[in-house]
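Notes for the structure review
This is what each chain is made of:
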Amino acid sequence: MKLIHSADWQIGMRFRQFGAKAEVLRAARLRTLQRGLEHAATVFADAFLIAGDLFEDNQVDAAVVRAVFDLFAEFSDVPIFILPGNHDPVDGPGCLWRRAPFAQLPVHVTIFQKASAIEVAGGWLIANPLSQKKSTVDPSLKIAELAATLPADAIKIGLTHGSPAIESQHQPDDFPIALDAATRAGLDYLAIGHWHGALALDGGRLLMPGTPEQTKFDEANAGAVQEVEIAVHGVVPKVTPVRVGELMWHSWTFDVGNADAAKASLAQSLGAVAAESVVVRVALQGEASPEAVASARAWLETELAPCLIAQIEDHSTLVLTAAELADLQSRHPLVAEVLAELRDLSAGRLSAADLQTLSAQTGVPFEGLTESVAEYAQRVLLRELREVVNAC
Amino acid sequence: MLIETLELEGVGPFRGRVSVGPFAPGLNVLAQHNEWGKSTVFKAMTRALFDKYSSQSEEIKALRPKGSSLSPQIEIVFTARGGRWQLRKRFLDGKASELLRWAGGAWERTDESDKADQHLRELLGAQKLEGRTVKPETWGLLRYLWARQDEPADWPAWDGASGDEARRRLATVELDHTLRALVARLDEQRAAIFTDSGRLKAKGPLELAEQEVARLESERTRLQERHDETESLQQNFARLSSEIAALEIERTRLREEAAALQKEAHAAERWQQAIGVHSVDLKQADEALQQVRRDLQTHERLALEAAALGEKMAEEKATARRVEEQLPGLETALAEAQRGGQSAQQSREIEERNLDRLRALLRWRTAMDEASALSVQKAKVEAAQRTLREVEERRATLPTLAVKRLQSWRELERTIRESAAQIDALGLRVTLTPDKAATVEIDGHAQPFVAGEGEILKAPQAMTLRLDGWGQIEIRSGAREVGEIEATHRAAESRLGRELGEAGLATLAAAESAAQQAAELDQQSKPLRTTLADLLGEQADAAALSAATTRAQASAEEQHRIARPDEADTARTANVLRNEEQALAAKAKVSARQADELAKEIENARAKLETAHRAWTASLAEQTTLAARRTGLLDQQGLLAGRYPGELAAALALAQSEFTRAEARLAEALRQLPANAEKLPARSTRAINAAADADAEAERKNRERRDHEVQLRERGGEGLYSLLATTDEKLELARREAARIRTEGWALRLAAESIKRREQRAIQTVLGPLEERLSAVLAELTGEPSRRVFFDEHLAIRGVGRSEDELVPFDDLSRGTREQLLLALRAAIALEIAKDEPACLILDDVLVHTDAVRQQNVLDFLQTLSQRVQIVILTCHADRYRGVGQLLAVTR
């Protein structure tokens, strides 16, 4: 028996931090789903399991739902089994599973709207869908109850959604699943979903596949579906991750104080990835002159342009070279003093009393005297000074 | 700049061309009387130098001579920026502007029209022209050097570029132009985001961004609320589903309970009906048994009552016979009593008539005696009245003299007597003894004197004698007191005589006699009055006594008419009559009592007879009643016995047996009835109602769930989540943009204000020298070296004083001191300018409040200053500047 185990597709997910680019990320998830289905068709999988959270929410746009439905319809030779998760629970007539188009399912698509067991390829698929957002009840208990009614020697595969009850890693009301839930229920395999990183437990019988398409920078072991093969009842399943994710999320740093090395490193990193499918975040760090930072930014903007999405976050500290500083102090000692003060402010070296005084003297509200404002002020000061000097 | 010459035409009072000058490089004085046009000259020069030639402003038109349409023309020759220049300007009709430069011994036009005006402003260091006319604030530093007449003596506002420049020069702060430009650029960029006061720039990028954020937040809130509502609907739907399932179980249970209870209730109802029937049977059996028992008891009672009535009838017959026998004796006794009563009544009537006549005679006799007594009393009263009247008539002839008055007269008489003795002792006494008989005229009265006989002549003080053959002799005493005694004497005599006369008395002795007689008569009248009062008795006066007498006589006559006394009666006195009346009255009283007692006896006899009659009649009636009742009882006995076919005892045994059987049937039915049978119907009803309520609730919840279902189906397709996701993304971008702009704005402000703050601090460090300079000049002008001038970091004057503690604010200084301080300030600026460029200081009558002493100080100062600065003084006080500098010539 061969299964494709997936979960947490989160179709329609928000990516508010990316603004207008969010739509690109949402579209990518649909393509990834398509790749997963294609793989299932290719390997003649007996079932394509979606262990919860196919959709981000029950109120996703009808067009998005329709797109997913149409995609399923394209793969009529792939038996698809959908388990509603905590994001898209079976919680009433308004839920997307009970309205068009899922209200009228093609024969190869099954949605578990209640706990039940169905026969699949000689084995049994026992599912317990979620009908609410939170619960302290282990959803695998119902599966165990149903499994006990089935033939003992049959392959039994559980399907549900929740958090492995790992101490300090789960919330009590987040559908806790016992770490030995599969063996406890006499299952050959318990397919679950919820967390976005892949995780195998209970001797390889309990598996969290991870989200097939990464949703943020700090997610590990994501971007794949799990291909599961079960020869006979009682044998440990063979699980193979299959990469279907389209996007690679990378978070890199760039030391502006050592720009050449940073450029080389970043170029190497970029060379190792397909830029058109990369979501990248580059954090500028270190100390450098405004010119050096501006130069680094310009270089980065050019180099990162081919990336699908690139964000540059400037955490660098503005500094002048000794010569620049000497020149500034001799020509414009007053500006040098202001810059020194702004540097202290950006480095957090000013006391609350100093900040109060500065706020009163400059008219900038206390809450506005932040490090980022100070950094910006340094840059703008030097930029405008340069403009004025050039004009003179 | 240095002014060389100035020519005007068509300006103010100068219709024709007027030339002022030439101006000296030092001190120039244009001293002219009021209304001459000094200020007009000044205004025309500044308009020419700073206003656009094409200006048609009211200020320009006001330059024209009054009532004319002449075009103001001004020509100024001056040096500036190392060159010698001539400005030719014509306003309004034929407007033109030409700027010429002296080159190679001739004027060479460099610019005309707008270019000429602009070039001129550059030469003067003024700001670029934007309008057609300008205010002094745009004159550059000249605004501080050229003091206008009637200008308020206020410390200048260091505003604008010229203010900055002045401060820079005064404070000798070498401001970095680069920094000025830098700050200006920062401020310019900041101003696009925030206003100077820190508010958002209206329609600026930050305000627009925040508006967009607010709009998106509002939209997001709306969507979230909608989303939450949907979630809430979902939860309610799930809850309702769960509740409905529970309710279904409850409904089934309730229906089963209701059915079971209904069955129990029906069985109980049947037993209750049986109990009802058996209870009725038992009741009827009991009633029948009781009826037989009652009939049996009644039958026995009737027999007893009939026997008792028979005995009572026998007793009544005996009683009637006994009373009947007493009746004749009682009737006889009554007849005897009635006869005795009639006799007693007749005697009583006779005695009462005799008593009445005797009482009438007694009243007549009493009235007769009273009338007689009153007549005697009346005669005595009339005699006493006559005696009293005679005494009173004699008393009326005598005056009534009070003892006090009489005493007063006695005092006067003693005064007269004593004063006469004193006069006699102290007055004149002349003894004339003629040798021969003669007549001497004494105080005008002739008095004969016998020869040889001495005659003593007396007078109180003076005496005039006329002697024949000799003449008049006047003798006068020197004692004044005799005069006073004489006056007293005469006054007493006069008063006594007058008062006695008024009382009708001749002398004091007559008065004394009259008083004694009056006292005696008064003494006599008192007992007479007492006697009269006693005689009157109860009567108020004689008239009342007379009336009483008349009434008594009338009463006697009336009683006589009533009593009609005969001769024997007339002979009986009142006492006799009274004694007879008392005796007869006592006798009549006894007779009356005897008559009353006999009347009571009659009544008693009659009552006894009537009582006996009633008792006899009643006994007869009772006998009849008892006989009737006995007959009725016997009839009832017969009827009761007729109800039962057999004996009454047998009927009682049968009824007893029926009752026992009915009782057994009822006990069996009660045993079969459930213990809570009476509660079963209510319980059954409650169970049915509960089932119905559960049905209704289930229906309501089903309906509610269907409503939710419809709503959820409708909302499910709205794509709320996707809308939220899109809105979130837009909102994130908008917030970032707003944050970016705000950061930029705050950063710009922080940078600019930090520079300005340091700049001000730098200025503050150099204020000391400036304060020293101005303090020295002020000391020179005012002659008070101990006072200092104090500035703040903005170069605004804080005040003048010996120390900070004694600081007098600028506005509180006298107008004269403020003028002098402003002169010092203008001089300081002029000296600063003069370091680079010739400077011209114009003072248009601005020192008018300076006193004569300080005026000299001012002149000393101006003369010294004029060595480095051109000074033009416009004044109407030529005497104040006489001998100072160059008097400006005016050529028409």
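Everything in this summary refers to the structure shown in the same document.

The next subject is the overall build of chain B. In terms of helices and strands, chain B carries 19 helices and 20 strands. Evaluated residue by residue, chain B yields a buried proportion of 40% over its 892 residues. A sequence separation of at least 24 residues applies to 70% of the contacts in chain B between residues at least 6 apart. Total accessible area on chain B stands at roughly 49000 Å², and carbon and sulfur atoms take up 50% of it.

Turning next to the packing of helix H7 (residues 205-396) of chain B against helix H14 (residues 648-672) of chain B. All names here are of chain B. With their axes 8 Å apart at the nearest point, H7 and H14 run at an angle of 160 degrees to one another. Relative to H14, H7 is oriented roughly antiparallel. The interaxial crossing formed by H7 with H14 has left-handed handedness. Broken down by class, the residue content of the contact of H7 with H14 amounts to 18 nonpolar, five polar and six charged.

So, about the nonpolar core. Membership of the largest hydrophobic core comes to 94 residues, with the highest contact counts inside it found for Met1, Leu49, Ile76, Phe78, Trp146 and Trp155 of chain B. No other element matches helix H18 (residues 815-834) of chain B, which puts 11 residues into this core. Those residues in contact with Ile76 of chain B that lie beyond four places of it in its chain are Ile3, Thr5, Leu6, Met45, Ala48, Leu49, Trp85, Gln86 and Leu87 of chain B. If you look at the next biggest cluster of nonpolar residues, it comprises 43 residues, including Ala336, Leu345 and Val388 of chain A together with Ile741 of chain B.

Attention shifts here to the sheet that holds strand E10 (residues 438-442) of chain B. Residue and element names in this part refer to chain B. Reading across the sheet, the four strands line up as E11-E10-E13-E14 and stay open at both edges, with antiparallel pairing between neighbours. Both outer strands of the open sheet, strand E11 (445-449) and strand E14 (471-476), are each paired with one neighbouring strand and no more. For this sheet, the mean inter-axis angle between neighbouring strands, taken without regard to orientation, is 30 degrees. Inspection of the sheet shows E10 paired to E11 by five bridges, in the antiparallel sense.

The next thing to look at is the packing of aromatic side chains. Taken as a whole, this structure holds 17 aromatic pairs over all chains when the rule is applied. Ring plane angle 90 degrees and centroid distance 5.3 Å describe the contact between Phe69 of chain A and Phe102 of chain A, whose orientation is recorded as edge-to-face. Within this pair, whereas Phe69 of chain A is found in helix H2 (residues 62-74), its partner Phe102 of chain A is found in the loop between strand E3 (80-82) and strand E4 (109-111), the two being separated by 33 residues in sequence. With relative accessibility at 10%, the residue Phe69 of chain A sits in the buried group. Relative to Trp107 of chain B, the ring of Trp102 of chain B lies with its centre 5.1 Å away and its plane at 70 degrees, an arrangement referred to as edge-to-face. Looking at Trp102 of chain B, the relative accessible area reads 36%, which means it is partly exposed. You can call Trp107 of chain B partly exposed: its relative accessible area is 26%. One aromatic cluster in this structure is built from Phe55, Phe69, Phe72, Trp97 and Phe102 of chain A. It is Arg84 of chain B that lies over the ring of Trp102 of chain B; its NZ or CZ is 5.1 Å from the centre.

Thresholds applied
Residues numbered from 1 in each chain as written. Chains lettered and ligands numbered in written order. Predicted model: local features only at pLDDT ≥ 70, side-chain atom pairs only at ≥ 80, totals over all residues. Heavy atoms only, no water. Helix = DSSP H or I, 4+ residues; strand = E, 2+ residues; numbered from the N terminus. Buried < 20%, exposed > 50% of the residue type's maximum accessible area, 1.4 Å probe, protein only. Contact = heavy atoms within 4.5 Å. Areas by Shrake-Rupley, 256 points an atom, 1.4 Å probe, with all protein chains shown as cover. Axes fitted to C-alpha atoms, helices over the stretch in contact; angles between N-to-C directions. Parallel < 35°, antiparallel > 145°, perpendicular 65-115°, else oblique. Left-handed = near helix turned anticlockwise from the far one by under 90°. Nonpolar A, V, L, I, M, F, W, Y, C, P; charged D, E, K, R; others polar. Core = buried A, V, L, I, M, F, W, Y, C linked by side-chain atoms within 4.5 Å. Pairing = 2+ DSSP bridges. Phe/Tyr/Trp six-rings, centres within 6.5 Å; stacked < 30°, edge-to-face > 60°. Lys NZ or Arg CZ within 6 Å of the ring centre and 35° of its normal.

Don't take any of this as a statement about function, it's just geometry.
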